[in-house]
Amino acid sequence: MGSVVISLDAELGWGFHDLDSPPSARVEAGRRGWVALLELCAEYDVPATWAVVGHLMLEGCDGRHADHPAPEGWFARERGEWADREDLRFCPDLVRAILDSDVDHEFASHSYSHVLFGRPETDRELAAAELERSLELAEEWNQTVDSFIYPRNDVGHRDVLAEYGVGAYRGRSPTHDGVRGLFDSTLRDRSMIVEPLVDEYGLVNVPASLFLFGFEGPARTVAESVWSDPMVVLARRGIDEAVAADGVFHMWLHPNNLTRGRDDERMRAILSYLDERRSETELTVETMADVARRTNTVDGIDGTASGIDSRATARQP
Ligand SMILES: [Zn+2]
Ligand SMILES: [Zn+2]
């Protein structure tokens, strides 16, 4: 019997602040999607790993962050276009709502200001500063950070995560996101179950299985009229695979992917199916930290276990 993990990249404006033209529907959906997901998780009692951009936990800032070793202009949008958009830059209220939820969500980190860790221009000093500031804020909020989700899944500076005591990260999915992933999964009948592995830094890589909003735009509209929502079909299949096999089915999304009612309905369909299968079987829902804990217990943390590998693997059916 496997388990299901849901991880969320909670970022509001920070997911887009470095883009020339941020997608306005997504930017404006950050708050509504966050609240909608909290409500759906509560309704179906499904815990998720909420990876929060640390800056959101501030009450305010000077828009400069002179002591942060980010490249010139990194915080420019805070001083320019978004100077009066505090709703995109801060949300202690929404972070509090995660912590106050009756559901046992995991509080995790999505960096401090959404720096891309895998880019060559992101040096060790900047990566360390992003971790350090996030951990300081977490501590002020009496939280620990056991899991880290890399902005845009751009994995890098894993040694820095280990140095700061983070235990797990979300690795890349072995299948492609979007239309190509759909093709891989349905037509080649490839398993979506992933196997958590301890990497050479002692971190547990909990690879993604499926990005729940990777199939959008006109393709979605056409497909939906034919097959119902293809992402719901895939997610249900992944859940069934977790019931049938060991390993993890790991779904992920951003709260801002819930731009309107039909996106909420997609999530409702997935979570209600998950809840149903969990009640009928031994299937469990875990957070990334849960997975990391039991992976370390099974593999040992002395670096000699057979499961140690830096590559994510998908188990073939
Ligand atoms: Zn700021
Ligand atoms: Zn992000």
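The structure this text deals with has already been given above.
Residues numbered from 1 in each chain as written. Chains lettered and ligands numbered in written order. Predicted model: local features only at pLDDT ≥ 70, side-chain atom pairs only at ≥ 80, totals over all residues. Heavy atoms only, no water.

Undergrad: What exactly am I supposed to notice about the overall build of the chain here?
TA: For the chain, the helix and strand inventory stands at 11 helices and 12 strands. Within the chain, residue pairs in contact and separated by at least 24 positions form 79% of the contacts whose partners lie at least 6 positions apart. A total of about 13500 Å² of accessible surface is found on the chain, and carbon and sulfur atoms cover 47% of it. (Helix = DSSP H or I, 4+ residues; strand = E, 2+ residues; numbered from the N terminus. Contact = heavy atoms within 4.5 Å. Areas by Shrake-Rupley, 256 points an atom, 1.4 Å probe, with all protein chains shown as cover.)

Undergrad: Could you clarify how one ought to interpret the coordination of the zinc ion (ligand 1) in this entry?
TA: For a metal bound by four donors in a tetrahedral arrangement, the ideal donor-metal-donor angle is 109.5 degrees, while six donors in an octahedral arrangement ideally sit at 90 or 180 degrees. Around the zinc ion (ligand 1), the protein contributes the donor atoms His 55 (NE2), Cys 61 (SG), His 65 (NE2), Glu 78 (OE) and Glu 78 (OE), which lie 2.0 to 2.6 Å from the metal centre. Every donor residue of the zinc ion (ligand 1) comes from the same chain, spaced as H-x5-C-x3-H-x12-E. Residue Cys 61 is found in the loop between strand E2 (49-52) and helix H2 (76-79), and its partner Glu 78 is found in helix H2; the two are separated by 17 residues along the sequence. (Donors = N, O, S within 2.8 Å, 3.2 Å for Na, K, Ca; no water.)

Undergrad: Looking at this structure, I do not really get the environment of Thr 259. What am I missing?
TA: Note that Thr 259 resides in the loop between strand E10 (248-253) and helix H10 (261-280). For Thr 259, a relative accessible area of 27% gives the class partly exposed. Separated by 230 residues in sequence, Thr 259 and Ala 29 have C-alpha atoms that sit 5.0 Å apart. A distance of 2.7 Å separates the side chain of Thr 259 from the side chain of Asp 263, its partner in a polar contact. (Buried < 20%, exposed > 50% of the residue type's maximum accessible area, 1.4 Å probe, protein only. Polar contact = N/O pair within 3.5 Å; in protein donor to acceptor, adjacent residues only side chain to side chain.)

Undergrad: Got a minute to help me understand the side chain of Asp 9 in this structure?
TA: Mapped onto the secondary structure, Asp 9 falls in strand E1 (residues 3-10). Owing to a relative accessible area of 2%, Asp 9 belongs among the buried residues under this scheme. When residues no more than four places from it in sequence are discounted, the contact partners of Asp 9 are Ala 51, His 110, Ile 149, Arg 170, Trp 252, Leu 253, His 254 and Pro 255.

Undergrad: Explain helix H5 (residues 124-140) here, please?
TA: An α-helix turns once per 3.6 residues; consequently, residues spaced three or four apart project the same way. Given a rise of 1.5 Å per residue, 17 residues ought to cover 24 Å, and the 24 Å separating the end C-alpha atoms of H5 matches this to within 8%. For H5, every residue scored as buried is listed here: Leu 126, Ala 127, Ala 128, Ala 129, Glu 130, Leu 131, Ser 134, Leu 137 and Ala 138. On the buried face of H5, the contacting elements are strand E3 (106-109), strand E4 (147-148) and helix H6 (158-163). Once H5 ends, the next one or two residues include Asn 142, with phi positive near 60 degrees. (Expected span 1.5 Å × (residues − 1).)

Undergrad: What is the right way to read the nonpolar core from this model?
TA: The nonpolar side chains of soluble globular proteins are, as a tendency, buried together. Counting 74 residues, the largest nonpolar core has Trp 34, Trp 50, Val 52, Leu 212 and Leu 253 as its most contacted members. Formed by 13 residues, the second largest nonpolar core is a distinct cluster that contains Val 5, Val 204, Met 288 and Ala 292. (Core = buried A, V, L, I, M, F, W, Y, C linked by side-chain atoms within 4.5 Å.)

Undergrad: I keep staring at the pairing of E10 and nothing clicks. Help me out?
TA: Side chains on a regular strand alternate between the two faces of the sheet. Along E10, 6 of the 6 residues are buried, which leaves the element largely enclosed by surrounding structure. Every second residue of E10 is oriented toward a common face, with Val 248, His 250 and Trp 252 on one face and Phe 249, Met 251 and Leu 253 on the other, all of them buried. With 2 bridges joining them, strand E9 (residues 210-211) and E10 adopt parallel strand pairing. Across the sheet, residue Phe 211 finds its bridge partner in E10, namely Trp 252. (Pairing = 2+ DSSP bridges.)

Undergrad: It is not clear to me how the pattern of salt bridges should be interpreted in this structure. Could you clarify?
TA: Proximity of charged atoms lets side chains of opposite charge pair with each other. This model, assessed by the stated rule, comprises 22 salt bridges. Between Arg 152 and Asp 18 there is a salt bridge, with its nearest N and O atoms 2.8 Å apart. Of this pair, Arg 152 sits in the loop between E4 and H6 while Asp 18 sits in the loop between E1 and helix H1 (24-44), and the two are 134 residues apart along the sequence. For Arg 152, a relative accessible area of 34% corresponds to the partly exposed category. Notably, a salt bridge pairs Glu 241 with Arg 237, separated by 3.3 Å at the nearest N-O pair. Linking Glu 241 with Arg 237, this pair stays in helix H9 (residues 230-244), spanning 4 residues, or about one helical turn. Beyond isolated ion pairs, a larger network of salt bridges with shared partners links Glu 28, Arg 85 and Asp 87. (Salt bridge = Lys/Arg side-chain N within 4 Å of Asp/Glu carboxyl O.)

Undergrad: Got a minute to help me understand the pairing of E2 in this structure?
TA: Residues Thr 49 and Ala 51 of E2 are buried on one face, and the alternating residues Trp 50 and Val 52, pointing to the opposite face, are buried as well. Of the pairings in the sheet, the one linking E1 to E2 comprises 4 bridges and is parallel in character. Paired with Leu 8 across the two strands is Trp 50, which belongs to E2. Considered for its hand, the β-α-β crossover made up of E1, H1 and E2 is right-handed. Pairing of E2 with E3 involves 4 bridges; the strand directions are parallel. (Right-handed = clockwise from strand over helix to strand, strands pointing away.)

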